[in-house]
Amino acid sequence: MGVKVVVWTDQPRTFEPPYLARIGGWTLERYLTEAPEDQTWEFARGEVLVHSPATAEHQRLVGFLYRLLQEFCERTRWGEALTGPAALQILPDVVREPDVFVLAPEDIPRARGVPLTVRPVFIIEVTSPSTRTLDREEKARDYARAGVPEYWVVDPEHRELWVHRRTGEAYQAERVTAGLVSSVAVRGFALRVEWLWQDPLPPVRECLEEIERLSGSSAPRASGYVCLLYTSDAADE
């Protein structure tokens, strides 16, 4: 059964999933005390962002990406992959709950408690119609401002991957529709964009074996992209 949100005004309105509710008048202290641990709630500049329950398709894709990164980190003995919901304070007034993120080895010992105050080197969000603008615009500005080197947004509905890489104080964004995409933050990690749209999703072990075979080869690179810039001070506007 889906969860409904009722907004009480002079004329109550009911919203059914997918939705993204913004509620103002919150403090960081209240968010850390009252936000439920089993749901995705984020805090940004005095607002809480309440996400509708994730679909099974969303969770399968997040799980695939998490397992792919987790096993890659274990095989290479570099870094640690984590998944949400995990409150990550990336800025003094912003707490995000990324779908998947990777910590560098030196930051793993400091990843304790709530909220986490370490800075990931790599973040992936699987977007949906209700969070597309949030993920591609607002979060991109926040992550750039926080100094996250690399940020990917997976859009299953449009079958596109947005790859954000930090250049100076800004992100350069590429819209990728096919081919092999390599991470610059997690050296050696890569994936074929086509894997993300397969149903069922491909076995993680087979994907990792292909990554190992392609490592250092002249395999075809990703294609079909446009470039955008996200500056780190845009979040202050």
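Scroll up to find the structure this text is about.
Residues numbered from 1 in each chain as written. Predicted model: local features only at pLDDT ≥ 70, side-chain atom pairs only at ≥ 80, totals over all residues. Heavy atoms only, no water.

A word on the overall build of the protein
Moving on, step 1. Along the protein, the regular secondary structure elements total four helices and 16 strands.
Moving on, step 2. Relative to its full complement of 237 residues, the protein shows a buried share of 47%.
Moving on, step 3. Considering only contacts in the protein between residues 6 or more positions apart, those separated by 24 or more positions represent 58%.
Moving on, step 4. A total of about 12,400 Å² of accessible surface is found on the protein, and carbon and sulfur atoms cover 49% of it. (Helix = DSSP H or I, 4+ residues; strand = E, 2+ residues; numbered from the N terminus. Buried < 20%, exposed > 50% of the residue type's maximum accessible area, 1.4 Å probe, protein only. Contact = heavy atoms within 4.5 Å. Areas by Shrake-Rupley, 256 points an atom, 1.4 Å probe, with all protein chains shown as cover.)

Focus: unusual backbone geometry
What you tend to see is this: most non-glycine residues have negative phi, and most peptide bonds are trans.
Moving on, step 1. In the segment running from Gly 84 into Pro 85, the intervening peptide bond is cis, with an omega of 0°.
Moving on, step 2. Among the structural elements, Pro 85 can be located in the loop between strand 6 (80-83) and strand 7 (88-91).
Moving on, step 3. Note the cis peptide between Val 114 and Pro 115, where omega equals -5°.
Moving on, step 4. Secondary-structure assignment places Pro 115 in the loop between strand 9 (100-103) and strand 10 (122-126).
Moving on, step 5. Positive phi outside glycine occurs at Arg 45, with the angle close to 50°.
Moving on, step 6. With respect to the element layout, Arg 45 can be found in the loop between strand 4 (41-44) and strand 5 (47-51).
Moving on, step 7. For Arg 45, a relative accessible area of 33% gives the class partly exposed.

Concerning the sheet that holds strand 4
Moving on, step 1. Spatial strand order, 3-5-4-8-7: five strands in an open sheet with antiparallel pairing. If you trace the sheet from one side to the other, it starts and ends with strand 3 (20-24) and strand 7, each paired once. Across this sheet, the average inter-strand angle for adjacent strands is 30°, counted without regard to direction.
Moving on, step 2. Here strand 3 pairs with strand 5 via five bridges, running antiparallel. (Pairing = 2+ DSSP bridges. Axes fitted to C-alpha atoms, helices over the stretch in contact; angles between N-to-C directions.)

Describing the layout of surface pockets
Moving on, step 1. When its volume is computed, the largest pocket comes out at roughly 1,200 Å³.
Moving on, step 2. Taken together, 47 residues line the largest pocket, and the ones lying closest to its centre are Ala 54, Thr 55, Glu 57, His 58 and Gln 59.
Moving on, step 3. Elements represented by at least two residues in the lining of the largest pocket include exactly helix 2 (56-76), strand 10 and helix 3 (132-146).
Moving on, step 4. Looking at which element gives the most residues to the lining of the largest pocket, the answer is helix 2, with eight residues.
Moving on, step 5. Among the residues forming the lining of the largest pocket, the class breakdown is 18 nonpolar, 15 polar and 14 charged.
Moving on, step 6. Volume-wise, the second largest pocket comes out at about 260 Å³.
Moving on, step 7. Lining the second largest pocket are 16 residues, and of these Glu 37, Pro 85, Ala 87, Glu 97 and Val 114 lie nearest its centre.
Moving on, step 8. If one sorts the elements of the lining of the second largest pocket by residue count, helix 1 (residues 28-34) sits on top with three residues.
Moving on, step 9. For the lining of the second largest pocket, the class distribution of residues is eleven nonpolar, three polar and two charged. (1 Å grid on protein atoms, 1.4 Å probe; cavity = no way out; pocket = protein on both sides within 12 Å on 5 of 7 lines; lining within 4 Å. Points joined across faces, edges and corners; volume = space filled by probe spheres on them. Nonpolar A, V, L, I, M, F, W, Y, C, P; charged D, E, K, R; others polar.)

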